[in-house]
Each structure stands twice: as structure tokens, then as C-alpha cells.
Amino acid sequence: MENGDTELLRFDNSLFEQVEVLQIKISDLITDDAIDEIFKVANPVSGLRTSKQSLSDSAYLFNLLSIQSPIICYRDRKRFKALTGCFTLIKLRAAIAQHLLPLDHAVMVFVLKKRPSVALRRSIVLFDLTNDLLAKCFVSDTKKISFFLRAWFRKDEGKKSIYQSKEWLTYFPSLNTSAKVAEFLSISKADL
């Protein structure tokens, strides 16, 4: 992140001092506006492979899921606004809707001691979603990857693509062309 956002770097460096781990009811968790805005443009859930949503025949480990793919949130009045763990939250809500978990089920979450700035919240959400997309590969279709990245990242004026934008270079300074991104993902550059 040598070209990166200094506010994001400061946040990352002091993260462990800024959070507490609490058990929160799923019903008290809502997504932050930054997630809602990004999902309006390109909802990553639409890119997931389709599968039967019912988990009733399996012993799904929801509490373990909440630790493996944690939710980071901050207090907002009587509720908590999630910045990370979108897919975890979706899976937990589905489990409640399918009566696999009780309505008052609570999970462990990381709660930030203070609400981050609007810009920092967007940066945290982008990092979480991009990490899921590129590192955890929740989508393997090149066209879908391209669609999400182009929708989520802002192209700076005067730059050829999102891969030269300040926002993108914050996370991936060495992946500054579509060819480098394609090589990193071991995919064809044609649709990227």
C-alpha cells in the first residue's frame, strides 16, 4: 500500500486497539451505507454460483463461520452497522429465515470503538469485497470479475482504467494494468 490511503493505513496499524469482541444478536446487525451503495451498483451475491439455499439436511457450523469470516461493525444508536462479513451476515440471516437458528441468535463480532469516516468505511468495504473476490475467488468467471471491479472502483479522471486509480492502487500497487491483474488471477485478459 505504498501509494495507499494514509487514513486506511493508520486504521490498519491501530485496529487491534480500536475493537472489542462482543456477542451481538443477528437482528441487531445491519449493513453500512457503503455496502448498500456498492451492492446497488453491483451486488456480489448475484455472481455466486447457484445452489439449493436450504441447509436443513446438514450440520452447518454458523458460530464457526462467524469467526472464520468475521463481521466488523460499529455502533449506530441501538444497532450495529456491519462493514465486513457481508456473506457471513447473509448466510446467518438465511439460517434464521429457514428456522435453522433462533430469532435471537447472537454471534461474536468485532465492534469498532468509534464510527469510521465515510471514506474509511468505503475503503474497508472495498478491501473486504475485493479480498473475497480476488483472494477467496467467490467468482471464477472472468466477465463477472471484470464487471464487479469496474462497478466497485472509481476510475480517476485522465487514467486509462480503474487499475491506475488511487482507490485500486491503495490495495494493489503492483497490479496497475489489466494484464497484470489477469496474470495474478491466472485468467485471460480478453474479458478483464
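Conventions we followed
- Positions within a chain are numbered from 1, following the residues in the order the chain's sequence is written.
- The predicted nature of this model means local features are confined to residues of pLDDT at least 70 and side-chain atom pairs, given and counted, to a pLDDT of 80 or more, with totals for whole chains, interfaces and linings taken over all residues.
- Excluding hydrogens and water, the side-chain values take into account all heavy atoms of the structure.
- Where helices and strands are cited, they refer to DSSP runs of H or I of at least four residues and of E of at least two residues respectively, numbered from the N terminus.
- The globule rule used for comparison is 2.2 Å times the number of residues to the exponent 0.38, while the radius of gyration itself is calculated over C-alpha atoms.
- Residues count as neighbours in contact if any of their non-hydrogen atoms are within 4.5 Å of one another.
- Lining residues are defined by having an atom within 4 Å of a point belonging to a cavity or pocket. Those points lie on a 1 Å grid over the protein atoms alone, cavities being sets where a 1.4 Å probe fits but cannot get out and pockets being open sets with protein on both sides within 12 Å along at least five of seven lines.
- Grid points are joined across faces, edges and corners, and a volume is the space filled by probe spheres set on the points.
- Residues are sorted three ways: Asp, Glu, Lys and Arg are charged, Ala, Val, Leu, Ile, Met, Phe, Trp, Tyr, Cys and Pro are nonpolar, and all the rest, Gly among them, are polar.
- Orientation is described by lines fitted to C-alpha atoms, with helices fitted over the stretch in contact, and by angles between N-to-C directions that extend from 0 to 180 degrees.
- What sets the label is the angle itself: under 35 degrees gives roughly parallel, over 145 gives roughly antiparallel, 65 to 115 gives roughly perpendicular, and the rest give oblique.
- Strands are labelled as partners when DSSP assigns at least two bridges between them.
- A pair of sulfur atoms, both from cysteines and within 2.5 Å, is called a disulfide here.
- Accessible area is worked out with a 1.4 Å probe on protein chains only. A residue is then buried under 20% of its type maximum, exposed over 50%, and partly exposed in between.

S.K.: Please clarify how the overall build of the protein should be interpreted in this entry.
M.R.: Counting its regular elements, the protein contains nine helices and five strands. The globule rule puts the C-alpha radius of gyration for 192 residues at 16 Å, and the 18 Å found for the protein is close to it. Its C-alpha atoms give the protein principal-axis dimensions of roughly 50 × 40 × 25 Å. Expressed as a percentage of contacts within the protein between residues at least 6 apart in sequence, the contacts between residues at least 24 apart total 68%.

S.K.: What is the right way to look at the layout of surface pockets in this model?
M.R.: Gaps between atoms show up when a probe of the same size as a water molecule is rolled over them. Of the voids in this model, the second largest pocket is the one considered here, and its volume is about 270 Å³. Taken together, 17 residues line the second largest pocket, and the ones lying closest to its centre are Ala119, Arg122, Ser123, Arg154 and Glu167. Contributing elements (two or more residues each) for the lining of the second largest pocket: helix H3 (33-41), helix H6 (118-135) and helix H8 (166-171). By residue class, the composition of the lining of the second largest pocket is six nonpolar, two polar and nine charged.

S.K.: Help me understand the packing of H6 against helix H7 (residues 142-152), please; the structure alone is not making it clear to me.
M.R.: Geometrically, a packed helix pair is captured by the angle between its two axes and the distance between the axes. Where H6 meets H7, the closest approach of the two axes is 11 Å, and the angle between their N-to-C directions is 170°. Classified by the interaxial angle, the pair formed by H6 and H7 is roughly antiparallel. Taken together, the residues of H7 that come into contact with H6 (itself represented by Arg122, Leu126, Leu129, Thr130, Leu133 and Leu134) are Ile145, Phe148, Leu149 and Trp152. Partitioned by chemical class, the residues of the contact of H6 with H7 number eight nonpolar, one polar and one charged.

S.K.: Got a minute to help me understand the packing of helix H1 (residues 6-13) against H6 in this structure?
M.R.: Running from N to C, H1 and H6 point in directions that differ by 70°, and their axes come no closer than 10 Å. One way to sum up the angle between H1 and H6 is to call them roughly perpendicular. Contacts from Glu7, Leu8 and Phe11 in H1 reach Ala119, Leu120, Ser123 and Ile124 in H6. Its residues assigned to classes, the contact of H1 with H6 shows five nonpolar, one polar and one charged.

S.K.: Mind showing me how you'd approach the pairing of strand S4 (residues 79-82) here?
M.R.: Look at any regular strand and the pattern is simple: side chains alternate between the two faces of the sheet. Taken together, the three bridges between strand S2 (residues 29-31) and S4 define a ladder with parallel strand orientation. Bridging from a neighbouring strand, Ile30 pairs with Lys81 of S4. The loop that links strand S3 (residues 72-76) with its antiparallel partner S4 comprises two residues; one of these, Arg77, has a positive phi angle of about 60°.

S.K.: How should the state of the cysteines be read in this particular structure?
M.R.: A covalent bond between the sulfur atoms of two cysteines is what we call a disulfide. Scanning the model with the defined rule gives zero disulfides in all. In this model Cys73 remains outside any disulfide bridge; the closest cysteine sulfur is found in Cys86, 12 Å from its own. When its relative accessible area of 0% is taken as the criterion, Cys73 is described as buried.

S.K.: Would you explain the sheet that holds S4 in this entry?
M.R.: Within a sheet, each strand pairs with its neighbour through backbone hydrogen bonds, oriented either parallel or antiparallel. As summarised here, the arrangement of the five strands in space is S1-S5-S3-S4-S2, forming an open sheet in which the pairing is mixed. Two strands close off the open sheet at either side, each with one partner strand: strand S1 (19-25) and S2. Within this sheet the neighbouring strands show an average axis-to-axis angle of 45°, counted without direction. Sheet topology note: the S3/strand S5 (residues 106-112) ladder contains three bridges and is parallel. Paired with Tyr74 across the strands is Leu112, a residue of S5. Against the sheet, helix H5 (residues 86-97) contacts S2, S4 and S5, and its axis sits at roughly 130° relative to S2.

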